[in-house]
Amino acid sequence: MYMKVTDELLHKYARLLVRSGVRVQKGQKVVLNCAVEIHEFALILMEECYLAGASKVDIDWTCGGQSRLNYMYADEETLGTILPWEVAKLEQRVEDLPILVHILSEDPDALRGVDIEKMSRIMQKRMVVTKPYTNRMTGKYQWIGAGYPTVAWAKKVFPDCTEEEAFDKLWDAILKTVRVEEDNDPVALWQEHSDTLIAKGKWLTEQKFTRLKYHSANGTDFQVDLIPGSLWESAGMVNPTNNVFFIPNMPTEEVFNTPYAGKCEGTLVATKPLSWSGQLIEDFSITFENGRAVSCKAKKGQDILEKMIHMDETAGMLGEVALVPKESPINQLGFLFYNTLFDENACCHVALGRGFQTNLPNGNAMSVEEAKALGVNDSMIHVDFMVGSDDLSVVGIKEDGTEVPIFVNGTWA
Ligand code: ZN
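As the structure is a prediction and not an experimental result, all values here were calculated from the model.

### Thoughts on a nonpolar patch on the surface
(1) Moving on: Taken together, L69, M72 and Y73 make up a surface patch of nonpolar side chains, about 360 Å² in accessible area.
(2) Moving on: Note that L69 resides in helix α3 (residues 66-73).

### A few points about the pattern of salt bridges
Should the charged atoms of two oppositely charged side chains come close, the side chains can pair.
(1) Moving on: If you walk through the whole model with that rule in mind, you get 17 salt bridges.
(2) Moving on: Its salt-bridge partner being K125, residue E77 comes within 3.6 Å of it at the nearest N-O pair. Of this pair, E77 sits in helix α4 (residues 76-80) while K125 sits in helix α6 (residues 116-137), and the two are 48 residues apart along the sequence.
(3) Moving on: For E77, a relative accessible area of 52% gives the class exposed.
(4) Moving on: A salt bridge links K300 to E282, with the nearest nitrogen and oxygen atoms 3.6 Å apart. On the criterion of sequence distance, the pair formed by K300 in strand β15 (residues 292-300) and E282 in strand β14 (residues 279-289) is long-range, its members being 18 residues apart.
(5) Moving on: The exposure class assigned to K300 is partly exposed, which follows from its relative accessible area of 43%.
(6) Moving on: By relative accessible area, which is 25% here, E282 ends up partly exposed.

### What about the sheet that holds strand β7 (residues 233-234)?
(1) Moving on: Strands sit in the order β7-β11-β16-β17-β18 across an open sheet of five strands; the sheet is antiparallel. Here the strands that pair on one side only, and so sit at the sheet edges, are β7 and β18 (382-386).

### Side note on the nonpolar core
(1) Moving on: Counting residues in each nonpolar core, the largest one holds 52 residues, and the members touching the most others are Y13 and I103.
(2) Moving on: Counting residues in each nonpolar core, the second largest holds 47 residues, with F209, M311, L323 and V404 among its members.

### Here we look at the sheet that holds strand β2 (residues 56-62)
(1) Moving on: An order of β2-β1-β3-β4-β10 is seen for the five strands of this open sheet, with the pairing classed as parallel. With one partner strand each, in any of the chains shown, β2 and β10 (249-250) form the two edges of the open sheet.
(2) Moving on: One ladder, built from five bridges, connects strand β3 (residues 99-104) with strand β4 (residues 143-147); its direction is parallel. Bridge pairing in β4 links I103 to A146.

### Quick look at the coordination of the zinc ion
Octahedral metal centres with six donors ideally show angles of 90 or 180 degrees, and tetrahedral centres with four donors ideally show 109.5 degrees.
(1) Moving on: For the zinc ion, the full set of protein donor atoms is E254 (OE), E320 (OE), E344 (OE) and H349 (NE2), at a range of 1.8 to 2.2 Å.
(2) Moving on: As a motif over one chain, the donors of the zinc ion read E-x65-E-x23-E-x4-H. Of the two residues, E320 is situated in strand β16 (residues 318-323) and H349 in strand β17 (residues 349-353); the sequence distance between them amounts to 29 residues. For the pair E320 and H349, a shared accessibility class is recorded, and that class is buried.

### Concerning the environment of H382
(1) Moving on: Positionally, H382 belongs in strand β18.
(2) Moving on: Taking C-alpha positions, H382 is 8.6 Å from E320, a pair spaced 62 residues apart along the chain.
(3) Moving on: Excluding anything up to four places from it in sequence, H382 contacts G319, E320, A351, L352, R354 and F356.
(4) Moving on: Only 2.9 Å separates the side chain of H382 from the side chain of E320, close enough to count as a polar contact.
(5) Moving on: A polar contact of 2.7 Å, which involves the side chain of H382, links it to the backbone oxygen of R354.

### A short note on the packing of aromatic side chains
(1) Moving on: Summed over all chains, the structure comprises 14 aromatic pairs.
(2) Moving on: Each ring, one from Y13 and one from F41, has its centre 5.7 Å from the other, and the planes form 20 degrees; the classification is stacked. One end of the pair, Y13, is in helix α1 (residues 7-21); the other, F41, is in helix α2 (residues 39-51), with 28 residues separating them in the sequence.
(3) Moving on: The buried category is assigned to F41, whose relative accessible area is 1%.
(4) Moving on: Consider the rings of Y148 and W171, whose centres lie 5.0 Å apart with planes at 75 degrees: the pair is edge-to-face. Here Y148 is found in the loop between β4 and α7 (151-157), whereas its partner W171 is found in helix α8 (residues 163-177), with 23 residues between them in sequence. In this structure, Y148 and W171 share a single accessibility class: buried.
(5) Moving on: Taken together, W153, F158, F335, F337 and F342 form an aromatic cluster joined through their ring pairs.
(6) Moving on: The cationic tip of R179 hangs over the ring face of W190; the distance from NZ or CZ to the ring centre is 5.8 Å.
(7) Moving on: The positively charged end of K263 is found above the aromatic ring belonging to Y260, 4.2 Å away from the centroid.

### Here we look at a negative patch on the surface
(1) Moving on: Together, D7, E8, E181, E182 and D183 give the surface a local cluster of negative charge.
(2) Moving on: Tracing the chain through its elements places D183 in the loop between α8 and α9 (186-207).
(3) Moving on: Residue classification places D183 among the exposed positions, given a relative accessible area of 72%.

### Things to note about the environment of A154
(1) Moving on: Checked against the element boundaries, A154 lands in helix α7.
(2) Moving on: Put simply, A154 and S230 are 76 residues apart on the chain and 39 Å apart in space, counted from C-alpha to C-alpha.
(3) Moving on: When neighbours within four sequence positions are excluded, A154 is seen to be in contact with A166, F167 and L170.

Rules of the game
Residues numbered from 1 in each chain as written. Predicted model: local features only at pLDDT ≥ 70, side-chain atom pairs only at ≥ 80, totals over all residues. Heavy atoms only, no water. Patch = residues over 30% accessible without salt bridge, like charges linked within 9 Å, V, L, I, M, F, W, Y side chains within 5 Å. Areas by Shrake-Rupley, 256 points an atom, 1.4 Å probe, with all protein chains shown as cover. Salt bridge = Lys/Arg side-chain N within 4 Å of Asp/Glu carboxyl O. Helix = DSSP H or I, 4+ residues; strand = E, 2+ residues; numbered from the N terminus. Buried < 20%, exposed > 50% of the residue type's maximum accessible area, 1.4 Å probe, protein only. Pairing = 2+ DSSP bridges. Core = buried A, V, L, I, M, F, W, Y, C linked by side-chain atoms within 4.5 Å. Donors = N, O, S within 2.8 Å, 3.2 Å for Na, K, Ca; no water. Contact = heavy atoms within 4.5 Å. Polar contact = N/O pair within 3.5 Å; in protein donor to acceptor, adjacent residues only side chain to side chain. Phe/Tyr/Trp six-rings, centres within 6.5 Å; stacked < 30°, edge-to-face > 60°. Lys NZ or Arg CZ within 6 Å of the ring centre and 35° of its normal. Lys, Arg positive; Asp, Glu negative; His and termini not counted. Charge placed at Lys NZ, Arg CZ, Asp CG, Glu CD.

Now the structure itself:
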């Protein structure tokens, strides 16, 4: 493995994820989701979790390319079947509520060539069994998603560089987005950063906006209703089972809400390409009527976009509206990471599919069905796409009709 990054920086990064990010507390169980390609970092992370007081750290290993081979060679029946040991594992998870740490390092093209319809049928079949378990865990445990470079991913981002150069460049970029440098204190920087985001979210919640209106010269002309009393969230959330504040995404630059499913109108024009299931959708727009995507146009990837919107009956409805100013360090880097964790933090975006019940007061205590009844969308997908532009304006509308500018020219008003 190419390694310009020093051991010291690796530990600094791991410590940031464990201490400022997911905030492992004494006696907590942790499960790390890591690819075998990054086993050295997985062990550094494991040790940091123990040093923070974890009682047991397990690693769920994955391997780049493993899913693709399964989808290509195994039949639907086999892949769609959840075996008793898998059910037992899910039951144990619901019982233990371990901290989940997802280290994303996958080749964005890992699923290239896979039959998306077959994949979606398999996912739907598995979810019938797994969803009741994940529903029971929702909002009750700490988790985090963060990135770690691999050569395959780096070559996708920097195709013209040598493997070594590409890897180093992706490392530099990842560390920049999480504010880790040779001689700085990222823990203090993250405190300041999350305080700023939380203050924005608090202001938005206090305004009690019932509707947002989007406008941009590129053709975006859109309005979406918010659930009355909903809470704007950002950087962090609290695990209600132990009151631990944690930051589930690193990087994060967004302040977001769950829109009122079924209540939006107009057209959103995407401002960055969307990488979904290993395939790229470019220069696209989606038009909504009565809260549902009724048409979409893409210069590249039209068929993929249509499949995505029809993954299930609620995939064409919105589950997230997020505000990110154009000054975001990810936007400043100026390239696509081909990974939503990074790309969604470049500018304002919305997501098709599943919403977040944590945006409702006491949302954590609700069942998925209760949240759905209040307007939170539920779907097997949650796919973010970018709509932020240099001239995007977002206006908040209050119940009495008062209009308040939230975003002007792509940034906070
Ligand atoms: Zn988002």
